[in-house]
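Chains, contacts and geometry: an overview
Listed here are the chains, written in short residue letters.
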Amino acid sequence: MAAKNTAKALKKAPKKTAAKAPKKTAAPGVPHNAWLIKSEPHVFSIDDLARDGKTAWEGVRNYQARNFMRDEMAEGDLALFYHSSSDPSGVAGIAEVASAAYPDPSQFDPQSDYFDAAATPEEPRWFLVDFKFVERFPAFVPLAALKARSDLEGMAVLQKGQRLSIQTVSDAHLKVVLAMGKAKTKLK
DNA sequence: GCCAACGTTGGC
DNA sequence: GCCAACGTTGGC
C-alpha cells in the first residue's frame, strides 16, 4: 500500500500526556460534507487512485486531520483531490469517502514509516477512512487559478500558512472548483 | 534551495 | 505550564 503522507514516522514513543483531548475544530452541529485531501503526486496521485479504485488513506499523523476522518467524515462525502508540492500544485480530481473510520494499520507496523510505538490495537491513536475514485478533472485546477477567484475567498487551502493535509470545503466553494475543473460530478 | 508558518517535544 | 528548539510542510 502506497503511503499518502510523507511525514516521517514518530521517532520516539511520545509520552502518554502527549495524547491530548481532541479539540473541536468545526462549529458544533454544522456538518461538513465536503473536503480537500492533499497528496504529493509522486507518492500517490489521482491516477494512482484511478488505477486502484479505492485506497486506505494511511499515514495521517496530525490530530486535527485525524479528527476530521474519525469524527466528521461520512460515507458519500466528496473530497477535492489536491496535488501538493507539485508543479503546479492544484486540484486534480474528486474522491469520495468510502468507509467509516477505522484504526490506521500502519501505526502498528514496526516496518512502516508511520509506525507509532505508543499506539496499541486496544488503544489506537490514528484513524483513517477509505477513499474511492470518482473522477479526474478534465481540466486540472492550479493553485494560482484558485487564488485568482474572488468567489473562493476564505477557502482553507488558500490561507497563508495552511499546512493541514485534510481540510473542510464549503458547498459553495466545492461548486466553484467543480466548475473550474469541468467536472461531471454534480453536488447532490 | 529557501524559508515562513506551525505543530510537537522536552528542559526547566 | 512556559517557551525555545526542533522538525515538517509546502509554496515559491
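Quick look at the structure, then. (Residues numbered from 1 in each chain as written. Chains lettered and ligands numbered in written order. Predicted model: local features only at pLDDT ≥ 70, side-chain atom pairs only at ≥ 80, totals over all residues. Heavy atoms only, no water.)

Quick look at the overall build of chain A
Heads up, the condition is: Numbering of helices and strands runs from the N terminus, with a helix taken as a DSSP run of H or I at least four residues long and a strand as a DSSP run of E at least two residues long. Whether two residues touch is decided by their heavy atoms; if any such pair falls within 4.5 Å, the residues are in contact. We get accessible surface area from the Shrake-Rupley algorithm with a probe of 1.4 Å; when it comes to residues, only the shown protein chains can shield them.
Helix and strand content of chain A: four helices and eight strands. Element order for chain A, N to C, with α for helix and β for strand: β-α-β-α-β-β-β-β-β-α-β-α. Within chain A, counting contacts between residues at least 6 apart in sequence, those at least 24 apart form 76% of the total. Split by element, the accessible area of chain A, about 9900 Å² in all, is 53% carbon and sulfur.

Points about the nonpolar core
Definition in use: Here, nonpolar core refers to any group of buried Ala, Val, Leu, Ile, Met, Phe, Trp, Tyr and Cys residues whose side-chain atoms link them within 4.5 Å. Only protein chains enter the accessibility calculation, which uses a 1.4 Å probe. A residue is then buried if its area is under 20% of the maximum for its type, exposed if over 50%, and partly exposed in between.
If you look at the biggest cluster of nonpolar residues, it comprises 22 residues, and the most contacted ones within it are I37, W57, M69, M73, F81, F131 and I166. Elements represented by at least two residues in this core include exactly strand 1 (34-39), helix 1 (46-52), helix 2 (63-72), strand 3 (78-83) and strand 4 (90-97). Ignoring any residue separated from it by four or fewer positions in sequence, one finds I166 in contact with W35, L36, I37, W57, V60, A65, F68, M69 and M73. Core analysis: the next-biggest nonpolar cluster, separate from the first, contains 20 residues, L36, F137, V169 and L174 among them.

Structural notes on helix 2
Rules: N or O atoms within 3.5 Å of each other form a polar contact, as long as, within protein, one can give a hydrogen and the other can take it, and as long as residues adjacent in sequence are counted only when both atoms are side-chain atoms.
Within helix 2, burial applies to A65, R66, N67, F68, M69 and E72. Turning to helix 2, the residues buried within the fold contact strand 1, strand 6 (127-128) and strand 8 (166-168). With a side-chain oxygen positioned 2.9 Å from the backbone nitrogen of Q64, the residue opening helix 2 is N62.

Digging into the pattern of salt bridges
The line we're drawing: A carboxyl oxygen of Asp or Glu within 4 Å of a side-chain nitrogen of Lys or Arg is what we treat as a salt bridge.
Overall, the coordinates contain ten salt bridges when judged by the stated rule. For the salt bridge of R136 with D47, the shortest nitrogen-to-oxygen distance reads 2.7 Å. With a gap of 89 residues between them, R136 in strand 7 (residues 130-142) and D47 in helix 1 connect regions that are remote in the sequence. When its relative accessible area of 46% is taken as the criterion, R136 is described as partly exposed. Relative accessible area serves as the criterion here: at 38%, D47 is assigned to the partly exposed category. A salt bridge links R51 to D52, with the nearest nitrogen and oxygen atoms 2.8 Å apart. In the salt-bridge network here, residues are joined through shared partners; they are D48, R51 and D52.

Some words on the pairing of strand 7
In plain terms, the rule: Two strands form a pair only when DSSP identifies at least two bridges running between them.
Relative to strand 7, strand 2 (residues 54-56) is paired through three bridges, and the arrangement is antiparallel. When the sheet's bridge partners are listed, A56 is paired in strand 7 with D130.

Some remarks on helix 4 (residues 171-180)
Looking only at helix 4, the buried set comprises H173, L174, V176, V177, L178 and M180. At its buried positions, helix 4 is contacted by strand 1, strand 3, strand 4, strand 7 and helix 3 (143-147). Note on helix 4: the residue one or two positions beyond its end, K182, has a positive phi of about 55 degrees.

Some thoughts on the environment of V43
Within the element layout of this structure, V43 appears in the loop between strand 1 and helix 1. In the structure, V43 is positioned 106 residues away from R149 in sequence and 29 Å away in space, judged by C-alpha atoms.

Comments concerning the sheet that holds strand 8
We count it as follows: Helix axes are fitted to C-alpha atoms over the stretch in contact, other axes to C-alpha atoms as well, and angles between N-to-C directions run from 0 to 180 degrees.
Spatially, 2-7-4-3-1-8 is the arrangement adopted by the six strands of the open sheet, whose pairing is mixed. Lying at the two open borders of the sheet, with one neighbouring strand each, are strand 2 and strand 8. Averaged over neighbouring strand pairs, the angle between their axes works out to 35 degrees when direction is ignored. Seen against the sheet, helix 2 touches strand 1 and strand 8 and runs at an angle of roughly 60 degrees to strand 8.

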